[in-house]
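Architecture at a glance
Below are the chains, spelled out letter by letter.
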Amino acid sequence: MDFLSENLYIDAGFQHLCESVFMRLCQIMGTSVQVAIRRETKDIREMVKRRVAYNNDLIVMESGSQREGFRLEGSDFDYMLWWNNHRVIWDMSQSEHYYTENKTLILSDSSESPPGFTLLELLTPTPYREVQSACVPMNDRLYISSFLFRQQTQTHHFPGSIGHGPCESGELPGGVEYDFARCFACDFWPRSASSWIDRCHSWPDREVVNEIIRNGCHFVPIGHPLGLHEHEEWRISFSLAEHKLVHSMNHCQFLTYGLLKIFLKEVIDKQSKETNKLLCSYHMKTVIFWVIQQNAVPLWCPQNLLAGFWVCFKLLLKWVYEGVCPNFFIPENNLFLSKVHGSAQRKLFLELHGLYEKGLVCLLQSPSIKSYITNALYNPRLSICTNEDRMISECDHDEELFIEIYRTSSYLPKNLDHCIKYLHTIELMIGEPLTQYQVLMLQKTTAAILQSTAFTLHNMYTNTGLNKQMYIADRMSCHMLKLAAKFGCISDMMYIAMFYCKTFRYRDALYITEMIKVKLAQPGLMYRRHVHPERYTEAVGGQSWSTKMSQAVAHDIKLNNYTCYIYELTPEQQSALQNNNMALDIPLFVLLHFIEFLCYRRIDTTLAQTALEELQVLVHHDQGLYVHVHDFLKDISWEILGICQQMTGNLQAALYSYQQSLTQYPWNKIHNATQMRIQDLHIT
């Protein structure tokens, strides 16, 4: 294995090894097409959200590795949230850009803070108690304390969440971790980061640089541990700029970044307990940013992938030796200053240097890629495919696309005006240049908004006594739901069935549920990630994505809690809203049996009992195929079963189901409604 030494990068065997690792990393992190799907669907979602945002809305932006396009095991979900009617400025002259009647202005004062940190002075009144309660007087001025702000804004949105740095963090069932960071936005690029603009000669290109500057930055509530005002200071965040930079990488650079993350987790962090977690993923991102910008690697391609990795590793080793990791945007901000120092720093350097002396052989310590390295070493003539188009099947490609669309196409308008604003935004975007994935995403988005609009419109005219308007609203709602079903997937037909059930057209609703059941019974169905690849390809292979989506794809159902879809679920929707959950997520098959039960109760009690028994078997015995493998949606599944049992008079069974609902992970936050239903049972 001598040819793995760093002096023989151009050897043919080395190129063969690089290609093998490239192929493996594509399997782990996705091909360039898969990564593009993940990014572009999220881009459209954020674009739509921003354009329809009202002044007092809370803006939510996904950041972190998921937003960058990774789907690594253990990749957490990171979200930044800020009020749209608050803005930070760097000097008073920038206040001229805002109408202060509806904008709260905050002034950044970094005169006494370490590089990359600042104090935030509240200049104009805020309508939010969380901000006002976090203010502290200093030098006859009012500053927002980052420490108090974190305390005031911690929502405990999920059970067991804790404060972690500037974030509220926790873990969902299945080991999925999340971070929520409340912050403030600034529309202007910080002067302290102006040197970054001057460095951008070759990377990123001028268009990306200009876009980054236009988007400004954010401020997250955490102070520097060595600063004069640690509890009051805020850190300047470049999360938006960072994901623009990651998106501007070529695929080999992106995979190298991913390899650094894997190397950190599987090799560096396994060296010793003393140095475990001294380095983090953000340090890996910083390393590759600097390496790319400094042109330290002449060619980023599959045959040279490990050369790029090694250059990054050597720079990291140098930083640890010096105890200095310069922030990419504000180099004076040493990311190691309060963490990598003293005996721990020396220990970490010795460990990294030990890995360095082994050369690329140190990658054999990574379980994720070890077998691909050894395979390339012992089979030097083995043909390795670096053609990404041949690495992934049509079914796998479609699964990636439809899962990402499902994850990102939920929109929750609060009223008819909001619905109209969404539809108008979509109408304008249709004429803009969009990628093929974004077109499909916009298509599914249109279906989601039409569904909310249809039910919102119907609810507005229910019980008004205005028969003509009710008739017109009914026709319009039906038309929108049928149109949405054409735009969407199989499960979007459920909204038609719900509407017919709600408007007492039970036989029409049952006709729709039978159609859905026929479609769901086909062998080529793609339901969430459950699919038989060969049968799926036989059924819809080679057809357009629109056809595939409408004929072979199904997902769970999301109900906007601002809108009534099923009268029997009104308490659950109200409970969710009380707990700041804007939507109910219901397994498709659970909802299907629920609608059948509600309709058959008015037509045929025997068939109603059959529907109830099918629902009971599903909820009691499903192993993750139709409900959810990580118990996310079992709270609402048990709840719906209990509602049906209570309606038939089986109060003992209903009590058991409600109690089971309370023991599940509270994904839908319906526990208030469940407790109320249990109380009603006892009264009965």
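To keep things clear, this report deals only with the structure shown in the data block. What you see is a predicted model; the values in this text were computed from it and never measured.

**Examining the packing of helix 16 (residues 436–461) against helix 18 (residues 494–502)**
- Orientation of helix 16 relative to helix 18, taken along the N-to-C sense of each, is 10°, at an axis distance of 11 Å. One way to sum up the angle between helix 16 and helix 18 is to call them roughly parallel. The segment helix 16 lies against helix 18, with Gln 451, Phe 455, His 458 and Asn 459 engaging Tyr 495, Met 498, Phe 499 and Lys 502.
- Considering only residue class, the contact of helix 16 with helix 18 consists of 4 nonpolar, 3 polar and 1 charged.

**A closer look at unusual backbone geometry**
- The omega angle of the peptide bond from Trp 203 to Pro 204 is -10°, so this bond is cis rather than trans.
- One can find Pro 204 in the loop between helix 6 (194–199) and helix 7 (206–215).
- Residues other than glycine seldom take positive phi values, yet Asp 140 does so here, at roughly 65°.
- In this structure Asp 140 comes out as exposed when scored by relative accessible area, which is 84%.
- The phi dihedral of Lys 669 falls on the positive side, at around 55°, and the residue is not glycine.
- Residue classification places Lys 669 among the buried positions, given a relative accessible area of 6%.

**Notes on the packing of aromatic side chains**
- A complete count under the given rule lists 38 aromatic pairs for this structure.
- Taking the centre distance of 6.5 Å and the plane angle of 90° together, the rings of Tyr 98 and Phe 188 count as edge-to-face. Note that Tyr 98 is positioned in the loop between strand 3 (86–89) and strand 4 (104–109) and Phe 188 in the loop between strand 11 (184–186) and helix 6, a separation of 90 residues in sequence.
- You can call Phe 188 buried: its relative accessible area is 18%.
- Taken together, a centroid distance of 4.5 Å and an interplanar angle of 45° make the contact between Phe 455 and Tyr 565 tilted. A residue pair is termed long-range when its members are at least 10 positions apart, and Phe 455 in helix 16 and Tyr 565 in the loop between strand 16 (557–560) and helix 22 (570–578) qualify at 110 residues. Each member of the pair, Phe 455 as well as Tyr 565, carries the same accessibility label: buried.
- Here a set of aromatic residues connected by ring pairs shows up, and it is made of Trp 189, Trp 196, Trp 203, Phe 238, Phe 289, Trp 290, Phe 328 and Phe 329.
- Here the guanidinium or amino end of Arg 39 rests over the ring plane of Phe 254, the centre of that ring lying 4.8 Å away.
- Its end group placed over the ring of Phe 328, Arg 199 keeps NZ or CZ at 5.1 Å from the ring centre.

**Remarks on the pattern of salt bridges**
- Throughout the structure, instances matching the rule amount to 27 salt bridges.
- Put simply, Glu 596 and Lys 517 hold a salt bridge, and the shortest N to O gap is 2.9 Å. Of the two residues, Glu 596 sits in helix 23 (residues 588–600) while Lys 517 sits in helix 19 (residues 506–520), which places them 79 residues apart along the sequence.
- Classification of Lys 517 by relative accessible area gives partly exposed; the value is 28%.
- As a salt-bridge pair, Arg 528 and Asp 556 come within 2.8 Å of each other at their nearest N and O atoms. With Arg 528 in the loop between strand 14 (526–527) and helix 20 (533–540) and Asp 556 in the loop between strand 15 (553–554) and strand 16, the pair connects residues that are 28 residues apart, well separated along the chain.
- We classify Asp 556 as buried; its relative accessible area is 6%.
- Connected through shared salt-bridge partners, Asp 43, Glu 46 and Arg 67 make up one network.

**Topic: the nonpolar core**
- One finds Ile 144, Phe 184, Leu 279, Leu 306 and Phe 329 to be the most contacted residues of the largest nonpolar core, which totals 100 residues.
- The element best represented in this core is helix 11 (residues 305–322), accounting for 12 residues.
- Leaving out residues up to four positions away in the same chain, Ile 144 has contacts with Ile 106, Leu 120, Leu 122, Val 131, Ala 134, Cys 135, Phe 149, Phe 184, Glu 232 and Trp 234.
- Grouped together as the second largest cluster of nonpolar side chains are 78 residues, Leu 525, Leu 559, Leu 615 and Phe 632 included.

**A word on helix 13 (residues 370–378)**
- Taken together, the buried positions of helix 13 are Ile 373, Ala 376 and Leu 377. The arc that holds the buried residues of helix 13, viewed along the axis, is 100°, so those residues lie on one side.
- Contacts made by the buried residues of helix 13 are with helix 1 (12–29).

**Notes on empty space enclosed by the protein**
- Overall, the coordinates contain 1 cavity of 30 Å³ or more when judged by the stated rule.
- Lining the largest cavity we find 19 residues, and of these Lys 444, Ala 448, Gln 451, Tyr 495 and Lys 558 sit closest to its centre.
- Counting residues per element, the ones that place at least two in the lining of the largest cavity are helix 16 and strand 16.
- Examining the composition of the lining of the largest cavity, we find that 4 residues originate from one element, helix 16, more than from any other.
- Residues of the lining of the largest cavity, tallied by class, amount to 8 nonpolar, 7 polar and 4 charged.

**Digging into the pairing of strand 3**
- Residue alternation in strand 3 divides its side chains into two sets, His 86 and Val 88 and Arg 87 and Ile 89, and both sets are buried.
- Of the pairings in the sheet, the one linking strand 3 to strand 4 comprises 4 bridges and is parallel in character. Directly across from Val 88, in strand 4, lies its bridge partner Ile 106.

**Remarks on helix 14 (residues 394–408)**
- Spanning 15 residues, helix 14 covers 21 Å between terminal C-alpha atoms, matching the ideal 21 Å at 1.5 Å per step.
- Along helix 14, 11 of the 15 residues are buried, which leaves the element largely enclosed by surrounding structure.
- Turning to helix 14, the residues buried within the fold contact helix 2 (32–52), helix 16, strand 14, helix 20, helix 21 (545–552) and strand 15.

**Description of the packing of helix 10 (residues 281–293) against helix 11**
- Look at helix 10 against helix 11: their axes get within 9 Å of each other, and the N-to-C directions meet at 115°. Of the possible angle classes, the one that applies to helix 10 and helix 11 is roughly perpendicular. Handedness of the helix 10/helix 11 crossing: right-handed. Here His 283, Met 284, Thr 286, Val 287, Ile 288, Trp 290 and Val 291 of helix 10 lie close against helix 11, whose contacting residues are Val 311, Cys 312, Leu 315, Leu 316 and Trp 319.
- Of the residues contributing to the contact of helix 10 with helix 11, the split by class is 10 nonpolar, 2 polar and no charged.

Cut-off values and rules
Residues numbered from 1 in each chain as written. Predicted model: local features only at pLDDT ≥ 70, side-chain atom pairs only at ≥ 80, totals over all residues. Heavy atoms only, no water. Axes fitted to C-alpha atoms, helices over the stretch in contact; angles between N-to-C directions. Helix = DSSP H or I, 4+ residues; strand = E, 2+ residues; numbered from the N terminus. Parallel < 35°, antiparallel > 145°, perpendicular 65-115°, else oblique. Contact = heavy atoms within 4.5 Å. Nonpolar A, V, L, I, M, F, W, Y, C, P; charged D, E, K, R; others polar. Buried < 20%, exposed > 50% of the residue type's maximum accessible area, 1.4 Å probe, protein only. Phe/Tyr/Trp six-rings, centres within 6.5 Å; stacked < 30°, edge-to-face > 60°. Lys NZ or Arg CZ within 6 Å of the ring centre and 35° of its normal. Salt bridge = Lys/Arg side-chain N within 4 Å of Asp/Glu carboxyl O. Core = buried A, V, L, I, M, F, W, Y, C linked by side-chain atoms within 4.5 Å. Arc of directions from axis to C-beta. 1 Å grid on protein atoms, 1.4 Å probe; cavity = no way out; pocket = protein on both sides within 12 Å on 5 of 7 lines; lining within 4 Å. Points joined across faces, edges and corners; volume = space filled by probe spheres on them. Pairing = 2+ DSSP bridges. Expected span 1.5 Å × (residues − 1). Left-handed = near helix turned anticlockwise from the far one by under 90°.

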